[in-house]
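Per-entry structural report
Below are the chains, spelled out letter by letter.
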Amino acid sequence: MSSDPHHLLKAWLALILWLIVIAIESSAYFSAHNTGRFLYPLLHFLFGLDPSRFDFWHFVIRKSGHVFGYGLLSILLFRAWRETLPAFGNPKWTFRWANISVLGTALVASLDEWHQSYIPSRTGSVRDVILDTCAGIGAQILLFLWVKLWTSRELHRT
């Protein structure tokens, strides 16, 4: 936990801005049909992709967006909770912060898919909630490994 309120504000502001990005991406403007309209010409121009193979790559790009977006959400949640909730000994990573972050990621993913189920050009999917939650878990594992690696490097320097 930081004693500086400026760090606390920055952590929560970054999280709120990312939640706004997720909400915008959840709109009809980012339906598969609409993203396909600009992704196909781009992929065709860059890689010569033909229409028969576009659907596969379009799917991969969209699901990769889920993994990136919700992985980042999990990290931003972790950062916000780390700045907010105290922990004994001032650690850089705790299960408490990671668990709250994964639960928050699952909650946002669930609400996002529920919201999309009411938009005619979108579909709400339990599979996407699972994918998004797994991305959050993966981000926490990577964050844990990063902190452990960083801490061990600092110990070896001294």
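All of these numbers come straight from a predicted model, not from anything done at the bench. Per-chain numbering applies: the sequence of each chain, read as written, is numbered from 1 onward. With the structure being a predicted model, the display of local features is reserved for residues of pLDDT at least 70 and the display and counting of side-chain atom pairs for 80 or more, all residues being used for whole-chain, interface and lining totals. Side-chain figures throughout are based on the complete set of non-hydrogen atoms in the structure, without hydrogens or water.

**Remarks on the nonpolar core**
Our working definition: Take the buried Ala, Val, Leu, Ile, Met, Phe, Trp, Tyr and Cys residues and link them wherever side-chain atoms come within 4.5 Å; each set so joined is a nonpolar core. Accessible area is worked out with a 1.4 Å probe on protein chains only. A residue is then buried under 20% of its type maximum, exposed over 50%, and partly exposed in between. Under the scheme used here, helices are H or I runs from DSSP no shorter than 4 residues and strands are E runs no shorter than 2 residues, and both carry numbers assigned from the N terminus. Contacts were defined at the residue level, with two residues in contact if any of their heavy atoms lie within 4.5 Å.
L15, W18, I22, Y70, L73 and V108 are the most contacted members of the largest nonpolar core, which totals 13 residues. Those elements giving two or more residues to this core turn out to be α1 (5–25), α3 (51–84), α4 (95–116) and α5 (126–157). Among the elements that line this core, the one with the most residues is α3, at five residues. Sequence-distant contacts of V108, that is, excluding residues within four places in its chain, are made with L19, I22, Y70 and L73. Counting seven residues, the second largest nonpolar core, distinct from the first, contains F78, W97, A98 and V147.

**Regarding the packing of α1 against α3**
Operational definition: For helices, the fitted line uses only the C-alpha atoms of the stretch in contact; every axis is such a line through C-alpha atoms, and the angle between N-to-C directions lies from 0 to 180 degrees. When an angle is under 35 degrees it counts as roughly parallel; over 145 it counts as roughly antiparallel; between 65 and 115 it counts as roughly perpendicular; any other value is oblique. Working rule for handedness: look at the near helix, and if it is turned counterclockwise from the far one by less than a right angle, call the crossing left-handed; if clockwise, right-handed. Lys, Arg, Asp and Glu make up the charged group, whereas Ala, Val, Leu, Ile, Met, Phe, Trp, Tyr, Cys and Pro make up the nonpolar group; the residues left over, Gly among them, are polar.
It is the contact of α1 with α3, at a shortest axis distance of 9 Å, that shows an interaxial angle of 155 degrees. Considered as vectors, α1 and α3 are oriented roughly antiparallel to each other. As α1 runs across α3, the sense of the crossing is left-handed. Contacts from H7, L8, K10, A11, W12, A14, L15, W18, L19 and I22 in α1 reach F68, G69, Y70, L72, L73, L76, L77, R79, A80, W81, E83 and T84 in α3. Looking at the contact of α1 with α3, its residues break down into 16 nonpolar, three polar and three charged.

**Observations concerning the UniProt feature "domain: VanZ-like" (unreviewed entry) in the chain**
Short version of the rule: UniProt positions are given in the numbering used here, feature names are shortened, and annotations may be inferred rather than shown by experiment.
Residues annotated by UniProt as "domain: VanZ-like" (unreviewed entry) correspond here to residues 12–144. Structurally, residues 12–144 comprises 79% helix and 0% strand, and the distance from its first C-alpha atom to its last is 21 Å.

**Overview of the UniProt feature "transmembrane region" (unreviewed entry) in the chain**
Taking the numbering used here, the UniProt-annotated feature "transmembrane region" (unreviewed entry) corresponds to residues 56–81. The annotated region residues 56–81 carries 100% helix and 0% strand content, and the separation between its end C-alpha atoms amounts to 37 Å.

**Things to note about helix α2 (residues 32–47)**
The criterion, for reference: To get the bend at a given residue, fit one axis to the seven residues ending there, fit another to the seven starting there, and take the angle between those axes.
For α2, the principal kink sits at F38 and spans about 30 degrees; a proline, P41, occurs within the next four residues. Of the residues making up α2, those classed as buried are N34, T35, G36, L39 and L43. Buried residues along α2 sit in contact with α3. Two residues or fewer past α2, G48 is found with a positive phi of approximately 70 degrees.

**A few points about the side chain of Q140**
In this structure, Q140 sits in helix α5. Apart from residues lying up to four places away in sequence, Q140 is in contact with S74, I75, F78, W93, A98, S101 and V102.

**Remarks on a nonpolar patch on the surface**
Our working definition: Patch membership needs two things, relative accessible area over 30% and no salt bridge, and members are linked within 9 Å if like-charged or within 5 Å if nonpolar (Val, Leu, Ile, Met, Phe, Trp, Tyr). We get accessible surface area from the Shrake-Rupley algorithm with a probe of 1.4 Å; when it comes to residues, only the shown protein chains can shield them. Between Lys or Arg on one side and Asp or Glu on the other, a salt bridge is scored when a side-chain nitrogen of the former is within 4 Å of a carboxyl oxygen of the latter.
Taken together, the side chains of L13, I16, L17, I20, I24, Y29 and F30 present a nonpolar region at the surface, about 710 Å² in accessible area. Among the structural elements, I16 can be located in helix α1.

**A look at the pattern of salt bridges**
In the structure shown here, the tally under the stated rule is two salt bridges. Notably, a salt bridge pairs K63 with D128, separated by 2.7 Å at the nearest N-O pair. Highlighted residues: K63 in helix α3 and D128 in helix α5, separated in sequence by 65 residues. Residue class for K63 comes out partly exposed when judged on its relative accessible area of 22%.

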